[in-house]
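# Chains, contacts and geometry: an overview
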Amino acid sequence: MRVAFAADHAGAALKDELLGRVAAADLGHDLIDLGGDGSDPNDDYPDFAERLGRAIQAGDADRGILVCGSGVGASVAANKIHGIRAAVCHDTYSAHQGVEHDDMNVLTLGSRVIAIELAVECALAFLGARFSGEPRHRRRLDKILAIEAAESGASATQEVPT
């Protein structure tokens with residue numbers, strides 16, 4: 001799996017720590033750093049949410065981990081991108097359940113809200129999870145995709161792993 005990481009100025013330190021810790025876990029994933037080094041206070045979360053979302057859209061990454069101060073702004077911005085299903089998760093249950101039930105492809109974290117150990121646990125839970133494909137979850141995901149398609153005027157069909 002190719003996993004993109006990105007962060008605004010407030011999330012850069014946590015992003016860097018997560019990158020190192022996920023790499024050290026040796027899960028066999030390709031990790032991609034899309035930036036945000038914390039040096040520029042004008043590094044705003046919408047810019048990095050778009051960068052990460054576009055990487056997933058283009059097929060350059062399969063999933064993403066996005067960090068801002070609270071995780072909320074990054075999640076809101078990422079969800080504006082067609083095909084992105086992002087959520088703030090500060091617990092491991094939500095981090096894996098969001099993938100298993102909702103095919104979440106972007107985990108957002110708040111650097112001012114979560115400690116590093118829990119952030120790592122959430123990231124690992126997110127990366128270890130797979131969409132279940134169970135009929136009830138597929139039905140609900142299809143409804144989400146239909147809403148997205150209606151908003152964008154696109155087709156509701158999208159390849160989703162089963």
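Above this text is the structure in question.
Here is a short report on the structure shown in this document. Quick caveat: nothing in here was measured; it's all calculated off a predicted structure. (Residues numbered from 1 in each chain as written. Predicted model: local features only at pLDDT ≥ 70, side-chain atom pairs only at ≥ 80, totals over all residues. Heavy atoms only, no water.)

## Observations concerning the overall build of the protein
Spelled out, the test is: Here a helix means four or more residues in a row that DSSP labels H or I, a strand means two or more in a row labelled E, and each is numbered from the N terminus. Between the two quantities, the radius of gyration covers C-alpha atoms and the globule rule is 2.2 Å times the number of residues to the power 0.38. Classification of residues uses two cut-offs on accessible area relative to the type maximum, computed with a 1.4 Å probe and protein chains only: under 20% is buried, over 50% is exposed, and between them is partly exposed. Residues count as neighbours in contact if any of their non-hydrogen atoms are within 4.5 Å of one another. In short, Shrake-Rupley with a 1.4 Å probe defines the accessible areas, and a residue's cover is counted only from the protein chains shown.
A tally of regular secondary structure across the protein gives six helices and five strands. Ordering the α and β elements of the protein from the N terminus gives β-α-β-α-β-α-β-α-β-α-α. For 162 residues, the compact-globule formula gives about 15 Å, and the C-alpha radius of gyration of the protein, at 15 Å, lands near that figure. Based on the C-alpha atoms only, the size of the protein along its principal axes is roughly 40 × 30 × 25 Å. Within the protein, buried positions represent 46% of all 162 residues. For the protein, contacts bridging at least 24 residues in sequence account for 66% of all contacts bridging at least 6. When the accessible surface of the protein is split by element, carbon and sulfur atoms take 50% of a total near 7700 Å².

## Things to note about a nonpolar patch on the surface
Rules: The patch calculation keeps residues exceeding 30% relative accessible area without a salt bridge and links them within 9 Å when they carry like charges or within 5 Å when they are nonpolar (Val, Leu, Ile, Met, Phe, Trp, Tyr). Any carboxyl oxygen of Asp or Glu within 4 Å of a side-chain nitrogen of Lys or Arg constitutes a salt bridge here.
A cluster of nonpolar side chains, Val-72, Val-76 and Val-88, forms an exposed patch at the surface whose accessible area comes to about 220 Å². For Val-88, a relative accessible area of 32% translates into the label partly exposed.

## Let's talk about the packing of aromatic side chains
Applicable threshold: Only the six-membered ring of Trp is used, alongside the rings of Phe and Tyr, when aromatic pairs are assigned; centres must lie within 6.5 Å, and planes under 30 degrees apart are stacked while those over 60 apart are edge-to-face, with the rest tilted. A ring is considered to have a charge above it if a Lys NZ or an Arg CZ atom is located within 6 Å of its centre and within 35 degrees of its normal.
On inspection of all chains with the given rule, the structure shows zero aromatic pairs. When the ring centre of Phe-126 is taken as origin, the NZ or CZ atom of Arg-63, which lies over that ring, is 5.2 Å away.

## Some details on the nonpolar core
Worth spelling out the cut-off: In plain words, nonpolar cores are sets of buried Ala, Val, Leu, Ile, Met, Phe, Trp, Tyr and Cys residues tied together by side-chain atoms within 4.5 Å.
One finds Phe-5, Leu-18, Ile-65, Ala-95, Leu-107, Leu-109 and Phe-126 to be the most contacted residues of the largest nonpolar core, which totals 24 residues. Elements with a minimum of two residues in this core: strand S1 (2–7), helix H1 (12–24), strand S3 (63–68), helix H4 (92–102), strand S5 (106–110) and helix H5 (116–128). Looking at this core, the element that brings in the most residues is H5, giving seven residues. Ignoring any residue separated from it by four or fewer positions in sequence, one finds Ala-95 in contact with Cys-89, Met-104, Leu-107, Cys-122, Ala-125 and Phe-126. In terms of nonpolar packing, the next biggest core, distinct from the first, is built from 18 residues, Ala-6, Ala-61, Leu-66 and Cys-68 among them.

## What to know about the packing of H1 against H5
As a reminder, the rule being used: To define axes, lines are fitted to C-alpha atoms, for helices over the stretch in contact only, and angles between the resulting N-to-C directions are given on a 0 to 180 degree scale. Any angle between 65 and 115 degrees counts as roughly perpendicular, while under 35 counts as roughly parallel, over 145 as roughly antiparallel, and the rest as oblique. Handedness of a crossing follows from how the near helix is turned relative to the far one, being left-handed for an anticlockwise turn of less than a right angle and right-handed for a clockwise one. Under the scheme applied, nonpolar residues are Ala, Val, Leu, Ile, Met, Phe, Trp, Tyr, Cys and Pro; charged residues are Asp, Glu, Lys and Arg; polar residues are all the others, including Gly.
Orientation of H1 relative to H5, taken along the N-to-C sense of each, is 55°, at an axis distance of 10 Å. For the element pair H1 / H5, the angle class is oblique. Considering how the two elements wind past one another, H1 and H5 form a crossing that is right-handed. For the pair H1 and H5, contact is made by Leu-14, Glu-17, Leu-18, Arg-21 and Val-22 and by Ile-116, Glu-117, Ala-119, Val-120, Ala-123, Leu-124 and Leu-127, respectively. In terms of residue class, the contact of H1 with H5 is built from nine nonpolar, no polar and three charged.

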